[in-house]
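# Structural overview
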Amino acid sequence: MISTQYDAPPFPLLCEVIKARSVTISPSFTAIIVAGGQGTRADLAVPKQYAMLAGKPVLAWSVDAFLAHPACGAIIVVVPSGDEERARAALPHRKVIFAVGGATRQQSVAAGLAEISKLTANEDIVLIHDAARPGISHAVIDRLLRAFDDTAIHGAVPALMVADTLAHGAALLGETLSRENVVRVQTPQAFKFSEIVNAHAHWASDAASDDAQMVRANGGKIAVVAGDAHLEKITRAEDMLLVERMLAGRQNMRVAVGMGYDVHRLVPGEGLWLGGVHIAHDRSLEGHSDADVVLHALTDAIFGAIADGDIGAHFPHGDPRWRGASSYQFLIHAAKLVTERGGTINHVDCTIICEVPKVGPHREAMRARIAECLELPISHVSIKATTTERLCFTGRGEGIASQAIATISLPEIE
Ligand code: MG
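So, here's what we can say about the structure.

Criteria and thresholds
- Positions within a chain are numbered from 1, following the residues in the order the chain's sequence is written.
- Given that the model is predicted, a residue must reach a pLDDT of at least 70 before its local features are reported, and side-chain atom pairs must reach 80 or more before they are shown or counted; all residues, however, enter totals for whole chains, interfaces and linings.
- Here the side-chain values reflect all heavy atoms present in the structure, with hydrogen atoms and water set aside.
- Between the rings of Phe, Tyr and Trp (Trp by its six-membered ring), a pair exists once the centres lie within 6.5 Å; its type follows the angle of the planes, with under 30 degrees stacked, over 60 edge-to-face, and the other angles tilted.
- Think of it in three bands: with a 1.4 Å probe and only protein chains considered, a residue is buried below 20% of the maximum accessible area for its type, exposed above 50%, and partly exposed in between.
- Two limits define a charge over a ring: the Lys NZ or Arg CZ must be within 6 Å of the ring centre, and within 35 degrees of the ring normal.
- Each metal site is built from N, O and S donor atoms within 2.8 Å (3.2 Å for Na, K and Ca), and since water is not included, such sites may look incomplete.
- In DSSP terms, a helix is any run of H or I states spanning at least four residues, a strand is any run of E spanning at least two, and both are numbered starting from the N terminus.
- The directions considered for the arc run from the helix axis to the C-beta atoms.
- By definition, residues are in contact when any of their heavy atoms lie within 4.5 Å.

### Focus: the packing of aromatic side chains
According to the stated counting rule, one finds four aromatic pairs in the structure shown. Judged by centre distance (5.7 Å) and plane angle (80°), the rings of Trp 322 and Phe 330 are edge-to-face. Across the pair, exposure class does not vary: Trp 322 and Phe 330 are buried alike. The positively charged end of Lys 56 is found above the aromatic ring belonging to Trp 61, 4.5 Å away from the centroid. The ring of Tyr 328 is capped by Arg 369, whose NZ or CZ atom sits 4.6 Å from the centre of that ring.

Written as structure tokens, this is what we have:
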């Protein structure tokens, strides 16, 4: 049972902290996402699970929704043989297990179940989901998990009532069918692990419409919970537009702010790099790369905003690839990681701390260079400078320091 009950705290700020502490999640689940479609029906250049949808691949929507759910133990993504690289590229930074599927959906699910059997920590419940339904919400997952409060239930499916008239017919309209007790069944479908494994073992045909059908055929009881119109399946190219509009409208963004700070030593030389601009000077900045202290601080600020380590972790100091490297590459890499998460950089602000060289004459060139690297309007890039009144190492001209702040928006899963 999922409990999000908590006593109303006296201060709103405490609310989320207390809520987070009081959540008890049981049962936990493993997710299997079947991403086997070849996309021929969707008439897309790439299989639909890899097509971009509101900023990220269709497949990534389902993975992110499961990853963000507190009861999710592991995620198995089942792809056709030969698709592993493409699937990995569509899911950078996501902790998932890849499995190679079979010729049919049923065989692919079986491959996912076999992968779960290898896990040391088996969850009680498995959620089986089609990648072609990217609009998964935590509300649907929670409803499925709660269905297991009834211990007599072997599985649960989300379903929607049918609003349209149902009738036989192709060229000419035939008999009208009753809509009474008719539902449209969606995924994810949730099962007790042992039940779905048994159902697969005993299913003789190759033509299962879905997993619930197999569990029912094996004598299992399947609960029906409320589905979600956002779970519409993408089958045709025009479905992409429809689902994209639904997801773009639904997606909540959170603002994240990261800070960065860097220092490099000044040594005799013939100029230095600051903010992506080369400045003629009687000294240089010492470093493994081009020692651009401003771009280093800014790159770290972006890593901070996505909570993904620091510049040293991404570009190790001793790595020969980065000897003398231009630091704009680091910045572009950090920006790419934001984009891969479906995020947007809103604004960056840097402060350069030194007595000389004077920053003012180079400010606009630095803003333009950084704006170019981050693909931002120049109005979203700020460069400031200050001295330390001849105090401290910057005041004595021993080095240059830089601070930076990056403000970004990241999609938040419901
Ligand atoms: Mg540095």
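### Quick look at the coordination of the magnesium ion
Every protein donor of the magnesium ion is listed here as Asp 262 (OD), His 264 (NE2) and His 296 (ND1), and their distances to the metal cover 2.1 to 2.2 Å. Within one chain, the residues serving as donors to the magnesium ion are arranged as D-x1-H-x31-H. Assessed through its relative accessible area of 17%, Asp 262 is described here as buried. Relative accessible area serves as the criterion here: at 12%, His 264 is assigned to the buried category.

### Focus on helix 6 (residues 193-202)
Buried residues of helix 6: Phe 193, Ile 196, Ala 199 and His 200, and no others. For helix 6, the angular spread of buried residues about the axis comes to 135°, placing them on one side. The exposed residues of helix 6 that point more than 90 degrees off its buried face are Ala 201 and His 202. Of the surrounding secondary structure, the elements contacted by the buried residues of helix 6 are helix 4 (105-118), strand 8 (125-130), strand 13 (189-192) and helix 7 (211-217).

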